Amino acid sequence: MAKTNPGRFFEDYAVGQVIAHAVPRTLSGGERALYHALYPARHALCSSDAFAAACGLGAAPLDDLIAFHTVFGKTVPDISLNAVANLGYAEGRWHRPVRAGDTLRSQSEVIGLKQNSNGKSGVVWVRTRGLNQRDELVLDYVRWVMVRKRDQGTPAPETVVPDLAKAVAASDLVVPEGLDFTGYDFTLAGEPHRMADYEIGEVIDHVDGVTVEEAEHMQATRLWQNTAKVHFDATFREDGRRLIYGGHIISLARALSFNGLANAQMIVGLNGGAHANPCFAGDTVRAWSEVLDKAETSAPGVGAIRLRLVAVKAGGVPGALRGEEGKYRPEVLLDLDYWALMPV
């Protein structure tokens, strides 16, 4: 009997299947330091214990995307080890902050299957839940991924495409207990702009750019224990190039968005997302955001702002997302729709 894990192929999935992922991971301040070394992350709530305490949270939580990458990375050996590409996200919610010392584990349920017309691969939809050491739900989200088939002769499964919400309702967002922005220090946060200063439809050019290095991408995939072959093994693709992990682009774009959205402090909802085009080492990533919606919350001084975050490479123009045929422009790398908490 083989002792090694070749990963699941498309025909190994069935709707309703629940997969408990190995291996739980205890997070520490080391993950925060490495995250801030890999990305120019500067949002004050996750950077400063004193700032977080003044906002009613006590010690600063780890960056929201640390929790996302950790939970996501646990799923890779079971969901996307043999992936062609990670395609998109929906219905994501952060349910509670993660702090140093918390241990996270993941489990996924297969909620959809659709074989591609070429018979060589298919799309798998899963709902993933991240739980802490107290079995409390930390975050959950849906993602769909294109996975190779082991045997093209295997009959296609019944097609099941899940009906997913276009966005998380503002009323369903979870605001961390105790969060209070009535005494918010805009000087320490880095910018004076509150939610009332942003208009729906406004486009913000985040100005700065980061050139992607192979070494940094490889460190990131190892940090999040993402073992997908397309990121590690240069022989896995016909062009001999390693795809940059999509989560690496998400974190780069989120960090770049500080310039113009410094007060969008916590990500609490993931409405949708697509990795529109591949990114490779040497590409320079820039970002722009569009304000899609604003909503009140029950927490004092705290509002929710819905943002489209777009990462682009050379040639990208703020506000330019799709071409005449409705397809993503070739320079667009990421189209991410999320909710963040911001002082009103």
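The structure this text deals with has already been given above.
What you are looking at is a predicted structure, and each value in this text was computed from that prediction instead of being measured.

J.: Tell me about the overall build of the chain, residues and numbers included.
T.: In terms of helices and strands, the chain carries nine helices and 10 strands. Here the C-alpha atoms of the chain give a radius of gyration of 20 Å, agreeing with the 20 Å that 2.2 N^0.38 yields for 344 residues. Viewed in the frame of its principal axes, the chain has a C-alpha envelope of about 65 × 50 × 40 Å. Each of the 344 residues in the chain was classed as buried or not, and the buried ones make up 51%. Of the contacts made within the chain by residues no fewer than 6 positions apart, 78% connect residues no fewer than 24 positions apart. When the accessible surface of the chain is totalled, it reaches about 14,400 Å², and 50% of it is carbon and sulfur. For the chain, the distance from the average site of its 35 positive side-chain charges to the average site of its 41 negative ones is 6 Å.

J.: I'd love a proper account of helix H4 (residues 64-79), names of residues and values included.
T.: Because an α-helix completes one turn every 3.6 residues, residues spaced three or four positions apart along the sequence face the same direction. With 16 residues, H4 extends 22 Å between its outermost C-alpha atoms, agreeing within 8% with the 22 Å of an ideal straight helix rising 1.5 Å per residue. Where burial is concerned, most of H4 is hidden: 15 out of the 16 residues are buried.

J.: Give me the lowdown on the side chain of Asp102, citing residues and values where you can.
T.: Relative to the assigned elements, Asp102 resides in the loop between strand S2 (83-94) and strand S3 (103-115). No salt bridge is formed by the buried Asp102. Its closest oppositely charged neighbour is Arg134, at 4.2 Å. Reaching out from Asp102, the side chain makes a polar contact with the side chain of Gln133 at a distance of 3.1 Å.

J.: How would you summarise the packing of aromatic side chains if you had to cite specific residues and measurements?
T.: Per the stated rule, a full pass over the model turns up 10 aromatic pairs. Seen in terms of ring centroids, Phe72 and Tyr245 are 5.7 Å apart; in terms of plane orientation they differ by 45°. Their pairing is tilted. Residue Phe72 is located in helix H4, and its partner Tyr245 is located in the loop between helix H7 (229-232) and helix H8 (246-256); the two are separated by 173 residues in the primary sequence. Consider the rings of Tyr184 and Phe186, whose centres lie 4.7 Å apart with planes at 65°: the pair is edge-to-face. On the basis of relative accessibility, which here comes to 8%, the residue Tyr184 falls in the buried class. Members of the aromatic cluster, connected to one another through ring pairs, are Phe68, Phe72, Tyr89, Trp94, Tyr141 and Tyr245. It is Arg241 that lies over the ring of Phe280; its NZ or CZ is 3.8 Å from the centre. Between the NZ or CZ atom of Arg322 and the centre of the ring of Tyr328, over which it lies, the distance is 4.0 Å.

J.: Lay out the side chain of His95 with the relevant residues and their values.
T.: Among the secondary structure elements, His95 is positioned in the loop between S2 and S3. Overall, the relative accessible area of 14% leaves His95 in the buried class. Here the side chain of His95 touches Asp140 through a polar contact of 3.0 Å, side chain to side chain. For His95, the residues in contact, after removing those within four places along its chain, are Leu137, Val138, Leu139, Asp140 and Val174.

J.: Go over the packing of helix H1 (residues 29-38) against H4, please, and point to the residues and values.
T.: For the pair H1 and H4, the least separation of the axes is 10 Å and the interaxial angle reads 105°. Classed by the angle they form, the pair H1 and H4 counts as roughly perpendicular. Residues Glu31, Arg32 and Tyr35 of H1 touch H4, and the partners they reach there are Leu65, Ile66 and His69. Tallied by class, residues from the contact of H1 with H4 come to three nonpolar, one polar and two charged.

J.: How would you sum up the sheet that holds strand S10 (residues 332-343)? Please name residues and give values.
T.: Strands sit in the order S1-S3-S4-S5-S2-S7-S10-S9-S8-S6 across an open sheet of 10 strands; the sheet is antiparallel. Looking along the sheet, the strands with just one partner apiece sit at the ends: strand S1 (18-26) and strand S6 (203-211). Averaged over all pairs of adjacent strands, the angle between their axes in this sheet comes to 25°, without regard to strand direction.

J.: Just give me the short version of the pattern of salt bridges, but keep the residues and values in it.
T.: Per the stated rule, a full pass over the model turns up 13 salt bridges. A salt bridge links Arg96 to Glu136, with the shortest nitrogen-to-oxygen separation between them at 3.6 Å. Placement of Arg96 in the loop between S2 and S3 and of Glu136 in the loop between strand S4 (121-131) and strand S5 (137-148) is noted, with a sequence separation of 40 residues between them. On the accessibility criterion, Glu136 (26% relative accessible area) is partly exposed. One salt bridge connects Asp239 with Arg237, and the closest N-O pair in it is separated by 2.6 Å. Residue Asp239 is classed as partly exposed on the basis of its relative accessible area, which comes to 40%.

J.: Go over H1, please, and point to the residues and values.
T.: Along H1, the positions that sit buried rather than exposed are Glu31, Arg32, Tyr35 and Leu38. When H1 is viewed along its axis, its buried side chains cluster within an angular range of 130° and face the same direction. Packing partners of the buried residues in H1 comprise S1, helix H2 (44-47), H4, helix H6 (214-223) and H8.

J.: Could you give me a rundown of the environment of Gly112, with the residues and numbers involved?
T.: Checked against the element boundaries, Gly112 lands in strand S3. According to the relative accessible area criterion, Gly112 is buried, its value standing at 0%. Measuring from C-alpha to C-alpha, the distance between Gly112 and Val160 comes to 4.8 Å, with 48 residues separating the pair along the chain. Apart from residues no more than four positions distant in its own chain, Gly112 is found in contact with Val15, Val123, Val124, Trp125, Val160 and Pro162.

How each quantity is defined
- Within each chain, residues carry numbers counting from 1 in the order of the written sequence.
- The predicted nature of this model means local features are confined to residues of pLDDT at least 70 and side-chain atom pairs, given and counted, to a pLDDT of 80 or more, with totals for whole chains, interfaces and linings taken over all residues.
- Calculated side-chain values reflect all of the structure's heavy atoms, with hydrogen atoms and water omitted.
- Comment: elements are numbered from the N terminus, with helices defined as DSSP H or I runs of at least four residues and strands as E runs of at least two.
- Both definitions apply: the radius of gyration is a C-alpha atom measure, and the globule rule equals 2.2 Å times residues to the power 0.38.
- Per-residue accessibility, obtained with a 1.4 Å probe over protein chains only, is compared with the maximum for each type, and a residue is labelled buried under 20%, exposed over 50%, and partly exposed between these values.
- Any two residues whose heavy atoms approach within 4.5 Å are treated as being in contact.
- Calculation of accessible area relied on Shrake-Rupley with a 1.4 Å probe; when residues are assessed, cover is drawn exclusively from the protein chains displayed.
- Charge counting follows a simple rule: Lys and Arg are positive, Asp and Glu are negative, and His as well as the terminal groups are ignored.
- The location of each charge is read from NZ of Lys, CZ of Arg, CG of Asp or CD of Glu.
- One less than the number of residues in a helix, times 1.5 Å, gives the span that helix is expected to have.
- Only one rule defines a salt bridge in this text: a Lys or Arg side-chain nitrogen within 4 Å of an Asp or Glu carboxyl oxygen.
- Here a polar contact is recorded for every N or O atom pair within 3.5 Å, except that within protein the pair must consist of a potential hydrogen donor and a potential acceptor, and residues adjacent in sequence are included only if both atoms are side-chain atoms.
- Only centres within 6.5 Å qualify two rings of Phe, Tyr or Trp (six-membered ring in Trp) as a pair; their planes then separate them into stacked at under 30 degrees, edge-to-face at over 60, and tilted for everything else.
- Put simply, a charge is over a ring when the Lys NZ or the Arg CZ is close to the ring centre, within 6 Å, and near the line of the ring normal, within 35 degrees.
- Structural elements are reduced to axes, namely lines fitted to C-alpha atoms, with helices fitted over the stretch in contact, and the angle between N-to-C directions of any two is expressed from 0 to 180 degrees.
- Reported orientations rely on four angle classes, namely roughly parallel under 35 degrees, roughly antiparallel over 145, roughly perpendicular from 65 to 115, and oblique for the rest.
- For this classification, the nonpolar set comprises Ala, Val, Leu, Ile, Met, Phe, Trp, Tyr, Cys and Pro, the charged set comprises Asp, Glu, Lys and Arg, and every other residue, Gly included, is treated as polar.
- When DSSP locates at least two bridges between a pair of strands, those strands are taken to pair.
- Directions are taken from the helix axis to each C-beta atom, and the arc is the one they span.

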